[in-house]
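Reading the structure
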Amino acid sequence: GCDRDWDGLTCWPRATFGEVVKVPCPRFFEEITNIHGSFLQRNCTQEAYWSEPFPPYTIACGFDEGSSKGPEDQKSYYSAFWRVYTAGYAASVTSLITALIVFAAFRKFHCTRNYIHMHLFVSFILRAIAVFTKDAVLFADETMDHCLMSTVSCKAAVAFFQFSILANFFWLLIEGIYLQTLLLLTFVSDKQYVWWFIFTGWGAPTAVMLAWVLTRIHRQNTGCWDDDENGVVLWIIKGPILLTVLINFVIFINVIRILVHKLKSQEGGGSHSNHFVRLAKSTLLLIPLFGVHYIVFAFFPESTGLEARLYIELGLGSFQGFVVALLYCFSNAEVQSELKKQLCKWQYQEYLNFTHKHRTLSRENSPVNYVTQLSLLEKFSPKRKTSVYQNGVTSI
């Protein structure tokens, strides 16, 4: 029969002599043409060769060769987009690691609020690393035969990618739960919740991932686990993510409501414009922390608004870690004050070291020091001792 074949666009499964294989059009054609449910066919000939696809891609998938939005244009578009989100994730990783070092280095920042921030930072870092790893394993080699691509390493890369996304969403949820807890329960000791938060933030994604991996192995162990999933496998991952996004959105609305009430009660008859400015600032600060922007496409099918989805989930999402580090570490007045104090301390220490070294050199190079050294040399020189001895003998 005919072996599996990758024609650069579609993977054709193994077939026997004379068998006609029918496969759907590639998904990216559907995104270009908005035509769904089209199929291609190929025949495995008696000479063990695959026939040309019929109807041709241009006819079967509704693609016009004269269109300006061809596969090459689409490829260059996605290549440019890859550069954007790679730059975004690189900026996020750099800023998040720096923020982690700042929070870990100063004991003043060792508190429950910052511990939760640090775990969220780690989840963003893992997400960026997972994206880089997946791109390197699956898409680094353009000549790779995606029909035969079903190695342990590529499956592990995809599983790690899914875990990092789950962990990121769960820690965004924990940030929301913790903030609401602080607003509602003013006098509660938040230290008692730390371990529950840590257990939930990392334990829940681990449990979901184990279920997904086992289901994949036993029900859909195909390719690199990055292909279209059936209903059960898809919802094992998508269900918890949608749940966290929905809960976080409800918490976000509730937190905004609490902030409106607190601002009104604090300022009493203050101007409405002042209320609005403070509320707007609080809202803009909370959006990246809660991941509210994910609610836009959370309940739509994957094929809905692909271009807008790419901009929001990849373009803006890749910079989310950078924005979170900027807002909750580098723009924090307490952090800036502590860093300024540490910088002044280092500068003062450098000044003390410089003045001490300068004084030491000054003493060593002073004329008095030279006279003292010469007198000591003269006093203990061999000639001096001999002359003293001779004078002593003469006197005897």
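Residues numbered from 1 in each chain as written. Predicted model: local features only at pLDDT ≥ 70, side-chain atom pairs only at ≥ 80, totals over all residues. Heavy atoms only, no water.

Here the focus is the pairing of strand β4 (residues 39-43). Residues L40 and R42 of β4 are buried on one face, while the alternating residues F39, Q41 and N43, pointing to the opposite face, are not. Relative to β4, strand β3 (residues 20-24) runs antiparallel, the two sharing 5 bridges. Within the sheet, the bridge partner assigned to K22 lies in β4 and is Q41. (Buried < 20%, exposed > 50% of the residue type's maximum accessible area, 1.4 Å probe, protein only. Helix = DSSP H or I, 4+ residues; strand = E, 2+ residues; numbered from the N terminus. Pairing = 2+ DSSP bridges.)

Attention now moves to the environment of G315. Within the secondary structure layout, G315 lies in helix α9 (residues 306-318). The class for G315 is buried, based on a relative accessible area of 11%. C-alpha of G315 to C-alpha of G88: the two residues are 227 residues apart in sequence and 7.5 Å apart in space.

A separate point is the UniProt feature "transmembrane region" (unreviewed entry) in the protein. Here, the residues flagged by UniProt with the feature "transmembrane region" (unreviewed entry) are residues 87-106, 118-140, 160-186, 193-215, 235-259, 279-300 and 312-331. Secondary structure across residues 193-215 comprises 96% helix and 0% strand; the distance between its end C-alpha atoms is 33 Å. (UniProt positions renumbered as here; feature names shortened; annotations may be inferred.)

This brings us to unusual backbone geometry. With omega at -10°, the peptide bond leading from F54 into P55 counts as cis. In this fold, P55 is placed in the loop between β4 and α2 (57-60).

This next bit is on the pattern of salt bridges. What the rule picks out here adds up to 3 salt bridges. Here E338 ties to K108 by a salt bridge, and the two come within 3.6 Å at their closest N and O atoms. Placement of the pair is E338 in helix α11 (residues 333-365) and K108 in the loop between α3 (71-105) and α4 (112-139), with a sequence separation of 230 residues. On the basis of relative accessible area, E338 is assigned to the buried category, the value being 13%. A relative accessible area of 46% places K108 in the partly exposed class. For E334, the salt bridge is made with R113, and the minimal N-O distance between the two is 4.0 Å. Note that E334 is positioned in helix α11 and R113 in helix α4, a separation of 221 residues in sequence. Each of K108, E338 and K341 takes part in a single network of salt bridges with overlapping partners. (Salt bridge = Lys/Arg side-chain N within 4 Å of Asp/Glu carboxyl O.)

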